[in-house]
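Working through the structure, step by step
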Amino acid sequence: MADIVLDKVSKKFPDGTIAVRDVDLEIADGEFVILVGPSGCGKSTTLNMIAGLEDISSGELRIGGERVNDKAPRDRDIAMVFQSYALYPNMTVRENMAFPLRLAKLDQATIEQKVEEAAKVLELTPLLDRKPANLSGGQRQRVAMGRAIVRKPKAFLMDEPLSNLDAKLRVQMRTVVSRLQKRLGTTTVYVTHDQTEAMTLGDRVVIMRGGAVQQVGPPQELYDHPHNLFVAGFIGSPSMNFLPATLEEGRLRTALGDVPIGDRIRRELSRADAPRELILGIRPEHFEDAELVDEETRRRGIVFEAPVDIVESMGSDKYVYLTVEGERATAAELKELAADAGAADFTGVGSHLVTRLSAESTVTEG
Ligand code: ATP
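Rules and cut-offs
Residues numbered from 1 in each chain as written. Predicted model: local features only at pLDDT ≥ 70, side-chain atom pairs only at ≥ 80, totals over all residues. UniProt positions renumbered as here; feature names shortened; annotations may be inferred. Helix = DSSP H or I, 4+ residues; strand = E, 2+ residues; numbered from the N terminus. Core = buried A, V, L, I, M, F, W, Y, C linked by C-beta atoms within 7 Å. Buried ≥ 20, exposed ≤ 12 C-beta atoms within 10 Å, placed from the backbone. Domains from an automatic or database assignment. Near = placed C-beta within 6 Å. Nonpolar A, V, L, I, M, F, W, Y, C, P; charged D, E, K, R; others polar. Pairing = 2+ DSSP bridges. pLDDT = per-residue confidence, 0-100. Contact = placed C-beta atoms within 7 Å. Axes fitted to C-alpha atoms, helices over the stretch in contact; angles between N-to-C directions.

A separate point is the UniProt feature "domain: ABC transporter" (unreviewed entry) in the chain. Taking the numbering used here, the UniProt-annotated feature "domain: ABC transporter" (unreviewed entry) corresponds to residues 4-235. Annotated as 36% helix and 26% strand, the span residues 4-235 places its first and last C-alpha atoms 25 Å apart.

Structural data, given as structure tokens:
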């Protein structure tokens with residue numbers, strides 16, 4: 001068993017910076033978990049504490065049920081993959097991949113067999129005798145992965161492993177990483193600042209901000225039920241649009257008009273402690289050109305006119321940049337558009353209500 005448990009784990013650096021605060025996280029055996037968040041949110045520090053590269057200031061870290069706070073990195077039986085690949089330039093691919101097995105003092109025949117096996121999985125067999133300088137970025141990263149998987153560790157820890165690759169290769173390598181993880185079934189913690197990577201790779205995503213966990217859940221759950229404004233704005237590309245709203249006499253007022261609200265939201269908002277000042281969140285794909293939709297759709301949404309700044313054609317869909325109440329808003333996945341640039345009628349169906357009061361307040365689904 002190689003589950004990883006963080007119990008109120010914090011990191012305070014000697015200069016007083018609190019990089020990670022009270023992180024509670026249970027990663028199941030075989031699970032693929034992504035740590036994501038903006039620069040400086042503490043994701044690398046969290047990963048480094050799991051690896052043993054940073055001391056834990058307070059809290060407890062358990063791997064496979066055992067407290068490992070004071071265990072040296074080499075005794076934790078985990079493998080790390082870095083953004084920089086960290087390959088030895090003078091060694092061939094074969095030697096690079098064999099390195100951790102040599103350190104573990106395995107016999108030559110076993111080493112060769114394990115390297116061949118890993119090379120096959122990662123389609124590196126024809127490249128085994130090359131040096132890293134003669135490989136492409138994607139191939140180098142596969143060698144770095146190969147070096148991690150040869151010794152079947154308890155867990156893989158990956159810190160932005162794809163961020164040095166160009167966009168197309170990154171997408172290809174995402175599939176490689178995802179397949180590899182499924183095939184090996186090894187517990188994996190993967191750090192990225194790229195929310196698309198987070199949404200497409202992991203079983204569960206941990207969103208961090210300012211050293212604290214904001215929300216943990218499967219990607220779709222984070223998208224559909226963000227717990228706060230930060231998560232709502234961070235997950236999804238283009239980002240969710242926000243519009244101030246107030247609750248008055250059971251009606252949700254916005255500068256664009258009253259928003260029809262469903263029973264569940266009405267019930268939540270009618271609680272005595274429910275906030276009156278709200279933020280209405282509208283996913284870009286929930287806008288439609290009002291001239292092209294039926295009466296029923298118009299009734300369910302708010303119909304408003306907004307100047308269209310730019311229309312970007314993405315091939316099958318269009319992205320439309322609008323000015324709504326003086327703020328930039330983005331509409332996406334529009335199949336058609338009656339007008340190109342200029343004024344157009346839109347209907348935006350509110351997908352979320354996000355209270356503005358605190359980072360912890362709830363979001364209600366629309
Ligand atoms: P990035 O995506 O930019 O790598 P991150 O989310 O991985 O960011 P960390 O590297 O974990 O963030 O850093 C978290 C916070 O801790 C930041 O504010 C950073 O400046 C601070 N920090 C990191 N290392 C140290 C250190 N050795 N001493 C003091 N502060 C540090």
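Moving on, we come to the nonpolar core. By size, the foremost hydrophobic cluster in this structure holds 85 residues, and its most contacted members are Ile-34, Leu-35, Met-97, Leu-157, Val-189, Val-206 and Ile-207. Counting contributing residues, this core receives three or more from each of domain 1 (4-231) and domain 2 (234-365).

A separate point is the site of the ligand. Taken together, 13 residues lie around the ligand, and Phe-13, Ala-19, Ser-39, Ser-44 and Thr-45 are the ones closest in. Residue contributions to the shell around the ligand peak at 3 residues, all from helix H1 (residues 43-51). Among the residues forming the shell around the ligand, the class breakdown is 3 nonpolar, 8 polar and 2 charged.

A sheet is described by the order of its strands in space; here 4 strands give the open sequence S2-S1-S4-S5, paired in antiparallel fashion. Looking at strand neighbours, the two that pair on one side only are strand S2 (18-27) and strand S5 (66-67), the edges of this open sheet.

This paragraph deals with the pairing of strand S3 (residues 32-36). The element S3 is extensively covered by neighbouring structure, given that 5 of its 5 residues are classed as buried. The alternating pattern of S3 places Phe-32, Ile-34 and Val-36 and Val-33 and Leu-35 on opposite faces, both of which are buried. For S3 and strand S8 (residues 187-192), the ladder comprises 5 bridges, and the chain directions are parallel. Within S8, the residue paired with Leu-35 across the bridge is Val-191. Relative to strand S9 (residues 204-209), S3 runs parallel, the two sharing 4 bridges.

Below, the discussion takes up the confidence of the model for the chain. Taken as a whole, the chain shows an average pLDDT of 85; of its residues, 91% reach a score of 70 or greater. With pLDDT under 50 throughout, residues 353-366 is counted as low confidence; its partners more than four residues away or in other chains account for 45 contacts.

With that settled, the discussion passes to the domain arrangement of the chain. Segmenting the chain into domains produces domain 1 (4-231) and domain 2 (234-365). With centres defined by C-alpha atoms, the gap from domain 1 to domain 2 works out at 37 Å.

On the basis of which strands lie adjacent, the open sheet formed by 6 strands has the order S6-S7-S8-S3-S9-S10 and mixed pairing. Strands with a single pairing partner mark the edges of an open sheet, and in this sheet they are strand S6 (78-82) and strand S10 (212-217). Taking the axes of each pair of neighbouring strands and ignoring which way they run, one obtains an average angle of 15 degrees across the sheet. Alignment of S9 against S10, held across 5 bridges, turns out to be antiparallel. Looking at S10, one finds that Arg-209 is bridged to Ala-212.

Here we come to unusual backbone geometry. In terms of backbone geometry, most residues other than glycine have negative phi values and most peptide bonds are trans. A cis amide bond links Ser-237 to the next residue, Pro-238, at an omega of -5 degrees. Positioned with a positive phi, Asp-22 is a non-glycine residue whose angle comes to about 45 degrees. Residue position: Asp-22 is located in strand S2. C-beta crowding within 10 Å serves as the criterion here: with 15 such atoms nearby, Asp-22 is assigned to the partly exposed category.

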